[in-house]
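Here's the letter readout for the chains.
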Amino acid sequence: MSKKHHKNSRRPSELSSDQLERQARDDMAAGRFRKARDTYKILCKQDREKHLPALIEANRCLAEQLVEKGQIPEAEQVLAHLKTIAPSSSVLATDVSVALKKNDWLTALDAALCLWKDLPAVPLERDRAAVADALVLAFPNLQETETLARPEATDLEAVVGALRCLTEQRWEKAQELLRPLPRGSLFAAWKILVKGMIAFYTGDPEKAQALFAQLPPHGVPVRAANAFQLFLGPSPSRTPDEPARDQAARGACCLLNATNLAPFLLRANQSWRAARYTHSYEEMRRAPGFPSEESDLAGALSDFYFKAAFAMSEAPSDEYVEWFKQFADSGRFNNDAEARLTYRLLGCAELKNPYYDGDIEFFWRSFLGFFPADDPQNGKVTSLVLEQVGAHCALREEDEDNPFFPDDADGFPPALRDAIRVLEESIERDPSNLGAYFKLLDVYESAEKDDDRDLLLDRMADLFPRDKSVLLRAAKESLQREAYVKGIQYLERAHSLDALDPVVLQELAGAYTALAKDQYKKKNINKGRHTFDLARRHGNQDKLNFYRGLDFLQATQGVLELTFGDKGMGQRLMTAARKSTSSIVALLFFAHGISRLNRRKRGSPFWAELLQNRALVASASARKEVYLVFEYLHSIDEDLGWSAESEFVAECLLPVSSEAFSREEAADLVPLLAEYPQFIFLAERITREALRRNPTDPRFRLYSLFGCTSSPTDLDTAALAGIYHDAIREGDTKTATLAQGAMRLAEDFGDPSDEQDDFGFSDKEIEEMRRMASTLSDAEFEAFRQKSGEIIPLPIFDLVMAGIRGKSSPRPQPERQRRGTWKTDELDLFNQ
Amino acid sequence: MNPYLILGVLPGASDAEIRSAYLDAIRKFPPEREPERFQTISNAYEQIKDEKSRLNYRLFDRVPPGATPFEVLAKFCAASPAKKPLDFDAMKAFLRSCTTT
């Protein structure tokens, strides 16, 4: 093994005195006492008088260091040499500190008493501290200290007495004993320490902190205070160096009654800091009783080791988890807790994995195997574990041609079959585990087992009659299969549980309206009218709520009367709606759309009136209302053909690109418009106009950049960085966030050396996803998108698909999920 | 950090005991005065407020309580409720252990 060489390790004979002196000082500061001593020896030959004190100091430090390392014979040699060159006081001071480090309290006491008599008139602060420490730590009786002069003996007695009172929680007595000690006392630092400890234990952390900050840098009191400091949070006055941190950690373990953990913890921490993570764990597990699931320090450290993998970067995390896999295979667990924690770690690592791996069930079942069978929580724990495993099973993707995973005879994928098996077991182990029912519902939906899903929903509604989420889900499924009455019954039950829940109210209004439409279409006009009366009970005055807004309900009924019922009544209803609305254009546009949706190709009676009123769309809010009505109608039936309506919306919004408009108005509209191919030209125009007015505006520079980018790989990162910095400078945090997100994406996709992005997809897989997406229908694509959303954030998914699904096909959204509310523009430019 | 430790309750504590400890803690560290501490307390409460949350935390939580073993120790110490002093012999041993670095 080669020796380490320091930068300044030239041969001493080649260096000048100044250089040697500097080198020796550096070595002393770095704890290289032997090297410093050798250098001072050379210097002493040149100028003994000048360098002898430093040589003595180097020898003294070296002796202390050797004692600490347990190299006693070597230390004795150094001490013997020291006695030949140092004055007696210095030798005695060294004897004290060496005896303290050897934990030889009586020798330290004797040496300290001799030194106290022999100290020069102005002793070194460090020597005084060593004497005080030796006297206190010997915890002597009076006979042992009879050679000590009167004031020191009294002070020592007071400090030891105060320490005893402290341990007996006699706070006032301890304070009383300390009070007579003067500031200049030999034991002043000990007085401060004990007072700080009293403040700590009596719940006055600020006072404790302030007292500890007053301690001098040498001696036991400051080291003891460093341990207390860990309980008080970071010290504002002092940052301990590494040896002091180790010492503080050891002391803190002591204070936590976990002294036996300390030596293992120190070594484990060193290994961890050297990135030898599994070695660190191996060090730690040597501690008795480790690992543990208790809420003590051992439990906290165990918690750390079995969760640390999830905070590491990919490669070390994989390595760490792999080590635990091999460890589990070896079966050499210290205790059952270690087995449970190991299998839990492995199981959680598999849950994090977006791809299903058959090991997950094995790991979690092994975990359960170590869970006490007689634990009252066994059933619930098993159920929760199987719930997660079952949900993860459903993620498994099999190759259709893979002979190892043949589909069932009825074409049912084995992944879903396994998921159903595990989830049913989960429910069996704990029939009150609602999460497992919901996950099983999702699996039935994926497997298109509609009958099983509906049966399960009915069962859930019976088992959880007071759970709103169950009733809402049951209602949603019923309404989707047009079982309106049943759906409404579920919603009414949810409404009876919480009459003010706006979600339930919204769903109820929508459900009654849907039922009424159905009744009108089936010519049950009277029933339809009655149902509308019920819908109106849940209406409100929200002018942009297309489900609950009373104007819109009235207009909807008016249109249905005009189409299927009494035209006179329809006219009256529309007249009333016109009178009460605050936004006639939005209402007419809505009525026109509903009319078209009901009359299909027969047009609508409101179109001409709508065009006549177009001039009323003159404000930012009116423009947005028109846009949102279009968005709502389009979401109900995007195949109907809305080209005339698109033109109408474009004409309403066109003035924004030329007339006066506020930055806020434009900044809101651009991302909304960019969602639809027919409005992209408008988004581009507005962006151009905004940049003409202010060429440096970061938001519109960003929109402009997005507009001319079809894929994240084409993003100009330098331009994004410029926009980001400008936005930060101008305090535009929204733009800065958008630019930062885009930069991260551009980096993820643009680095050719990076085989996988953050979500575990390789470039090839991404290309394959994009290719496949381009072949899907809109409905299929939306299902694919929603499923992908379980693995990666949807904005990221949308950006991955940018340029593929792109500007030709806005993503469809179910009618019932749309809300007539303003949207934010967060990353929406990518939602194309 | 261990939510039980943050709220100062034992792992076997009931829902009511945990809620009571939570309310005590937020009274002591209100959001306007100690926003970070308040957030930590609220997160801890969410993690163990009922039996299902507690089991989910125990089974599936993946957030390590620190970045290094020492940081875990420091956070554990900082979150530890006020301790009773060591007995005299243990205190002697503690102070004597402070002679070495």
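Just so you know, these numbers come straight off a predicted model, no measurement behind them.

Definitions and limits used
- Residues numbered from 1 in each chain as written.
- Chains lettered and ligands numbered in written order.
- Predicted model: local features only at pLDDT ≥ 70, side-chain atom pairs only at ≥ 80, totals over all residues.
- Helix = DSSP H or I, 4+ residues; strand = E, 2+ residues; numbered from the N terminus.
- Buried ≥ 20, exposed ≤ 12 C-beta atoms within 10 Å, placed from the backbone.
- Contact = placed C-beta atoms within 7 Å.
- Rg over C-alpha atoms; globule rule 2.2 N^0.38 Å.
- Nonpolar A, V, L, I, M, F, W, Y, C, P; charged D, E, K, R; others polar.
- Arc of directions from axis to C-beta.
- Axes fitted to C-alpha atoms, helices over the stretch in contact; angles between N-to-C directions.
- Parallel < 35°, antiparallel > 145°, perpendicular 65-115°, else oblique.
- Left-handed = near helix turned anticlockwise from the far one by under 90°.
- Core = buried A, V, L, I, M, F, W, Y, C linked by C-beta atoms within 7 Å.
- Domains from an automatic or database assignment.
- Expected span 1.5 Å × (residues − 1).
- pLDDT = per-residue confidence, 0-100.

Comments concerning the overall build of chain A
And then number 1: The number of helices and strands found in chain A is 41 helices and zero strands.
And then number 2: Counting over 832 residues, chain A shows a buried share of 42%.
And then number 3: Looking at chain A alone, contacts between residues at least 24 apart form 51% of all its contacts between residues at least 6 apart.

As for the overall build of chain B
And then number 1: Helix and strand counts for chain B stand at six helices and zero strands.
And then number 2: Along its sequence from the N terminus, chain B presents helices and strands in the succession α-α-α-α-α-α.
And then number 3: Against the 2.2 N^0.38 benchmark of 13 Å for 101 residues, chain B shows a C-alpha radius of gyration of 16 Å, more extended than a compact globule.
And then number 4: By residue count, 34% of the 101 residues in chain B fall in the buried class.

A few points about the interface of chain B and chain A
And then number 1: Contacts between the two partners involve 40 residues from chain B and, on the opposite side, 54 residues from chain A.
And then number 2: Where the side of chain B that touches chain A is concerned, the elements lending two or more residues are helix H1 (3-7), helix H4 (51-60), helix H5 (69-79) and helix H6 (88-97) of chain B.
And then number 3: Taken together, the residues of the side of chain B that touches chain A break down into 26 nonpolar, nine polar and five charged.

Details of helix H33 (residues 643-653) of chain A
Residues and elements named next belong to chain A.
And then number 1: Listed as buried for H33 are Glu645, Phe648, Val649, Cys652 and Leu653. An end-on view of H33 places all buried positions within 125° of arc, on one side of the element. Turned more than 90 degrees from where H33 packs its buried face, Ser643 and Glu647 sit exposed.
And then number 2: Looking at the buried positions of H33, the neighbouring elements they touch are helix H32 (620-636), helix H34 (663-673) and helix H35 (680-693).

Here we look at the environment of A:Pro291
Residues and elements named next belong to chain A.
And then number 1: Structurally, Pro291 is set in the loop between helix H15 (277-284) and helix H16 (297-305).
And then number 2: Accessibility expressed as a C-beta count within 10 Å gives 26 for Pro291, which makes it buried.
And then number 3: Note: C-alpha distance between Pro291 and Trp323 (32 residues apart in sequence) is 16 Å.

Here we look at the environment of A:Glu338
Residues and elements named next belong to chain A.
And then number 1: Structurally, Glu338 is set in helix H18 (residues 336-352).
And then number 2: Residue class for Glu338 comes out buried when judged on the 22 C-beta atoms lying within 10 Å of it.
And then number 3: For the pair Glu338 and Pro291, spaced 47 residues apart in the sequence, the C-alpha separation amounts to 5.8 Å.

What to know about the packing of helix H24 (residues 468-480) of chain A against helix H26 (residues 502-521) of chain A
All names here are of chain A.
And then number 1: One can describe the packing of H24 onto H26 by two numbers: an axis separation of 12 Å at closest approach and a directional angle of 20°. As judged from the angle between their axes, H24 and H26 are roughly parallel. For the pair H24 and H26, the crossing hand works out as left-handed. Every residue of H26 that contacts H24 at Leu472, Ala475 and Leu479 is listed here: Val504, Glu507, Ala511 and Ala514.
And then number 2: Taken together, the residues of the contact of H24 with H26 sort by class into six nonpolar, no polar and one charged.

A word on the nonpolar core
And then number 1: Ranked by internal contacts, the top residues of the largest apolar core, which has 250 residues, are A:Val96, A:Ala112, A:Ala134, A:Val194, B:Leu7 and B:Leu73.
And then number 2: Viewed by domain, this core spans two of them, domain 1 (583-695) and domain 2 (733-830) of chain A, each represented by three or more residues.

Points about helix H30 (residues 584-599) of chain A
Residues and elements named next belong to chain A.
And then number 1: Compared with the 22 Å implied by 1.5 Å per residue over 16 residues, the 22 Å span of H30 between its first and last C-alpha is a close match.
And then number 2: By the criterion of burial, H30 is predominantly enclosed, with 12 of the 16 residues buried.
And then number 3: Residues of H30 that are buried: Val585, Ala586, Leu587, Leu588, Phe589, Phe590, Ala591, His592, Gly593, Ile594, Ser595 and Arg596.
And then number 4: On its buried face, H30 sits against helix H28 (550-564), helix H29 (567-580), helix H31 (607-612) and H32.

Some thoughts on the confidence of the model for chain A
Residue and element names in this part refer to chain A.
And then number 1: Per-residue confidence for chain A averages 83 on the pLDDT scale, and 82% of its residues sit at or above 70.
And then number 2: Taking the mean pLDDT of every element in chain A, the minimum, 60, falls on helix H41 (residues 794-800) and the maximum, 97, on H15.
And then number 3: Counting contacts from residues 1-8, a segment whose pLDDT is below 50, to residues more than four positions away or on other chains yields two contacts.
And then number 4: When the criterion is pLDDT under 50, residues 399-406 qualifies, and its contacts beyond four places in sequence or with other chains add up to two contacts.

Re unusual backbone geometry
All names here are of chain A.
And then number 1: In this structure, Pro291 follows Phe290 across a cis peptide bond, with omega equal to -5°.
And then number 2: Residue Ala275 is not a glycine yet carries a positive backbone phi of 65°.
And then number 3: Note on placement: Ala275 falls in the loop between helix H14 (262-273) and H15.
And then number 4: By the C-beta count within 10 Å, which is 10 here, Ala275 ends up exposed.

Structural notes on the confidence of the model for chain B
And then number 1: Counting all residues, the mean pLDDT for chain B is 89, and 97% of those residues have values of 70 or more.
And then number 2: Scored by ipTM, the complex comes to 0.90, with pTM at 0.71.

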